[in-house]
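# Overview (structure and organization)
The chain contents come next:
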Amino acid sequence: MRFVGHSKICHHLILAGAGLMWLAAAGQARAGQAASSAGTVSGTVTDPSGAVVAGAQCVIRNAVTNYRQETTTDTSGVFRFSNVPPNSYDVSVTLSGFNTATQTVDVRNAVPIALTIALTLAGAEQTVNVSASVLEDVPLAHQDVDASAIDKLPMFDPAAGLSSAITFSSGAVAADANGFFHPMGDHSQTTFIIDGQPISDQQSKLFSTQLPANVVQSMEMITGASDAQYGDKSSLVVNATTKSGLGATKPYGSLDVYAGSFATYGEAATYGIGSEKFGSFTAVNLLRSGRFLDSPEFLPIHDIGNNENIFERLDFQLTGTDSLHLDLFVARNWFQAPNSYDQLSQDQRQRVLTWNVAPSYQHTFNARTLLSVNVYGRRDQVDYYGSRDPFNDNPVAVSQSRFLTNFGERSGLSMVRGRQTISIGTEIQQTRLDESFTLGITNANFNPVCLDANAGNAPLGLPGITDPAQCSSVNPGYVANPGLLPGLVPFDLTRGGQFFNFYGRHNINQEAVYITDQINLGHWTVTAGLRDDQYNGLTSANGWQPRFGLSYQVQPTGTVLRVSYARTFESPYNENLLLSSAAGAGGLAQNVFGAAASVPIQPGARNQFNAGLEQKLGPYLLFSGDYFWKYTHNAYDFDVLFNTPITFPIAWNNSKIDGFSARLSTIDVHGFQAYFTMGHVRARFFPPENGGLIAQSGLPTGAFRIDHDQAFQQTTSLRYQKNKDAPWFSFIWRYDSGEVNGAVTTIGDALALTAAQQADIGFFCGNVYATRTQPITSCPSGGGATRVVIPKAGTYNIDTNPPRIAPRNLFDASVGTDNLLHSGDTRLVSLRFTVTNLTNKEALYNFLSTFSGTHFIEPRSYQVTLGYAF
């Protein structure tokens, strides 16, 4: 593997390496957040005389996320909790004849935390008892989600369970189709950190195969201005810790089989086993569904798909100071591209193959210093197949085969000196792009050579006519099309043309160094950092990124106030980057696709500001809320190719995004737990646009609201289970006020739609509604739609009053039991029944969006799951 960079970044890497060696040699303090942030909490339990206590029951727990581990002290009075996700926890120790002792501990890194807990005799005053606190005194706006909460969510989005969990859990995220979501007003600017491995390429079933939800132990979703260790796509950072078998001296596992609506069925199996020195966790998931993708019609047509994936995590505790960790993942998606009623003849399909290998090494120099080294290799292969008969595809026949391969490393060393927590690290990554693409026009009216002047310049197919000068010779009333894209004529199959063929290969090299410092000053916490990214791809850029955060804890009121700032370096999306940039570079753009000449898609730069608070409300409630402002130069999105799932990255000159997110959570109160999230985003983008494939008409010339803009969204989640053997109930209410939809700005736009498209939006005139076979062709007054909001006549404004998707309320529910046969704690049979879209609401995610196409919300669906756990 060869990395190409200039001397500046090489100099930075040399300095970073020297810094790593210096800090390793110093080794005087507890580490800050490391490359893999799951931690270890151990301790020694003693009695009042100082003697060690064996057999004491030890529990580590977070009252809000419900994360929980249990163990007992060994003959040396020692307990140990491994793979503990970043958060604040209460560690409690219980033994008959003694008072329960509790300590609060903050896990922010992978450095082992050692506690000493002294028990007091029952009836005596407890000397070690720090009251539980759910407050986190950090400047970073984030949300923590545990596997126990994910498991009970009423959801089953095929091959996109992790995306559903993220959308349901954060107020800063707006839902989109096919596993996409819009974090904080951006399209999908998300970086996943999986056990220390960064993945910033698209994680949805169209582009790649994301981890299944049943392998995730915990997620930390960072929506605030992130600190310097995080780069690349930074609107949302999902720091995920997977499940582990380390320390599981007794094997554990589960097998779930399920069946549901749209001929959906599958299985999900997990198995974990280990010892104090070794751990193995395996998950195998298989799924088939007749509604694999969100379709352009409410009831799916040509939408069968399947997903298979295998995940393996291996842990090796080599010595008391050295450990190895290995993540292995392989997956396959195969699915049909859903059809609309206007395109029933199409038979387009796609296959996505993914593999990932990610070993990591950790060395603990002492109780305060940790070195983490993560290396990884990952590949996504996407093959898109058009119909066997190209003319069954309309208006173009396309096929594609592309590879996206990542190799890289992420290393960090962290330590604390007194009040300071210092982390320094490097990231090096190469992404190898390999793209092949074919396209042929199959509709003679798509790029007509001639127009009929006698019929209002209606397009004329006229197969075989390739020269505008021939128009009048065919008929004196025929004229040349002034909007003709002459570069496309050679690829018009209706005129004897040939397929357009593109092939490109290129490497994207990225290097980064960072240093971050956290300073604890009593009730104040200060974070400061600096990151430098070097990007060498189709273009080159460098970005210095200062980061700063400040929080203050008001202990008497249970309040944490926080502000943060981040300058971030944004890299372009890699999927179809070569063809999209070639189309925008003046070559394919001007000579073939008719777009304006420009340069390849450039890296971007962002300034982000956050201000918020966390507030404890009595003994049971916790509120967290933040307002954010983001100003970006070169703001990214995607341009969909007609009705296919193929998209091409684009960039807008600037974007200004602001909004808020908030969450109100309860702790577990006698088996009942709830949370409420809400968010608002105002997303204004500014032309010109760069990238894409085929020139779009009617692009904005000034500020406009993009389809990530949504005035309000909220999720209410309720869950109740009296005890672990009792039945449980889970309920979700999701409200979305409607994202921007630019396809239908006036009643006239609706009248120009096909009958099926009018039926899709619920178009009506007075009391007459369009059907799939009967369009509405005129509407003097009283027109509107039930599934999109069309601005009133004369009020449309692309920035202040754009059309939107109609508001929607969706309700999902699950009921089940984890111990159907009441068989104790060893072999458990479970049963659950889930209903999504309980009211069968007919609603849209989007409609004829140039950025994402048309997609309906899933109709009411049922699923029954039978499980076995041990």
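Residues numbered from 1 in each chain as written. Predicted model: local features only at pLDDT ≥ 70, side-chain atom pairs only at ≥ 80, totals over all residues. Heavy atoms only, no water.

This next bit is on the sheet that holds strand 13 (residues 216–222). Reading across from one edge, 8-13-14-11-12 is the order of the 5 strands in this open sheet, with mixed pairing throughout. Pairing within the sheet leaves two strands with one partner each, and these edge strands are strand 8 (142–146) and strand 12 (197–199). Neighbour to neighbour, the strand axes of the sheet diverge by 20° on average, direction disregarded. Relative to strand 14 (residues 236–242), strand 11 (residues 190–194) runs parallel, the two being bridged by 5 bridges. Considered in strand 14, the bridge of I193 is made with N239. Taken strand by strand, helix 3 (residues 161–169) contacts strand 8, strand 11, strand 13 and strand 14, and its axis lies near 50° from that of strand 13. (Pairing = 2+ DSSP bridges. Helix = DSSP H or I, 4+ residues; strand = E, 2+ residues; numbered from the N terminus. Axes fitted to C-alpha atoms, helices over the stretch in contact; angles between N-to-C directions. Contact = heavy atoms within 4.5 Å.)

With 39 residues, the main nonpolar core has V398, F437, L439, L641, F648 and L693 as its most contacted residues. Taken together, the elements giving at least two residues each to this core come down to strand 21 (369–385), strand 22 (396–417), strand 23 (420–441), strand 27 (500–521), helix 5 (577–583), strand 32 (621–640) and strand 33 (647–666). When residues in this core are grouped by element, the largest group, 4 residues, is from strand 23. (Core = buried A, V, L, I, M, F, W, Y, C linked by side-chain atoms within 4.5 Å. Buried < 20%, exposed > 50% of the residue type's maximum accessible area, 1.4 Å probe, protein only.)

For the rest of this paragraph, the subject is the pattern of salt bridges. Tallied over the full model, the rule gives 31 salt bridges. Salt-bridge contacts for R410 lead to E427; the nearest nitrogen and oxygen are separated by 3.2 Å. Pair noted here: R410 is in strand 22 and E427 is in strand 23, with a separation of 17 residues, a long-range link. Taking the relative accessible area as the measure of exposure, E427 reaches 16% and is therefore buried. Of the charged contacts, one joins R684 and D799 as a salt bridge, the two residues approaching to 2.8 Å between their closest N and O atoms. Of the two residues, R684 is situated in strand 34 (residues 672–691) and D799 in the loop between strand 41 (788–789) and strand 42 (804–805); the sequence distance between them amounts to 115 residues. (Salt bridge = Lys/Arg side-chain N within 4 Å of Asp/Glu carboxyl O.)

With an omega of 5°, the peptide bond running from N394 to P395 counts as cis. When you line up the elements, P395 lands in the loop between strand 21 and strand 22. The backbone of N66 sits at a positive phi, close to 70°, despite the residue not being glycine. By the element assignment, N66 lies in the loop between strand 2 (57–61) and strand 3 (68–72).

A few words on the sheet that holds strand 4 (residues 78–84). Pairing within the open sheet is mixed, and its 3 strands lie in the order 4-1-7. At either end of the open sheet lies a strand with only one pairing partner, and these are strand 4 and strand 7 (113–118). The sheet shows a mean angle of 20° between the axes of neighbouring strands, taken without regard to direction. Where strand 1 (residues 39–46) lies against strand 4, 5 bridges are found, and the strand directions are antiparallel. Each residue of the ladder has a partner; that of V41, found in strand 4, is F81.

Note on placement: D533 falls in strand 28 (residues 524–536). D533 sits in the buried class, given a relative accessible area of 7%. Between the C-alpha atom of D533 and that of A51, which follows or precedes it by 482 residues, the distance is 53 Å. Ignoring any residue separated from it by four or fewer positions in sequence, one finds D533 in contact with E511, A512, A541, N542, G543, Q545 and F569. A polar contact is formed between the side chain of D533 and the side chain of R531, at a distance of 2.7 Å. (Polar contact = N/O pair within 3.5 Å; in protein donor to acceptor, adjacent residues only side chain to side chain.)

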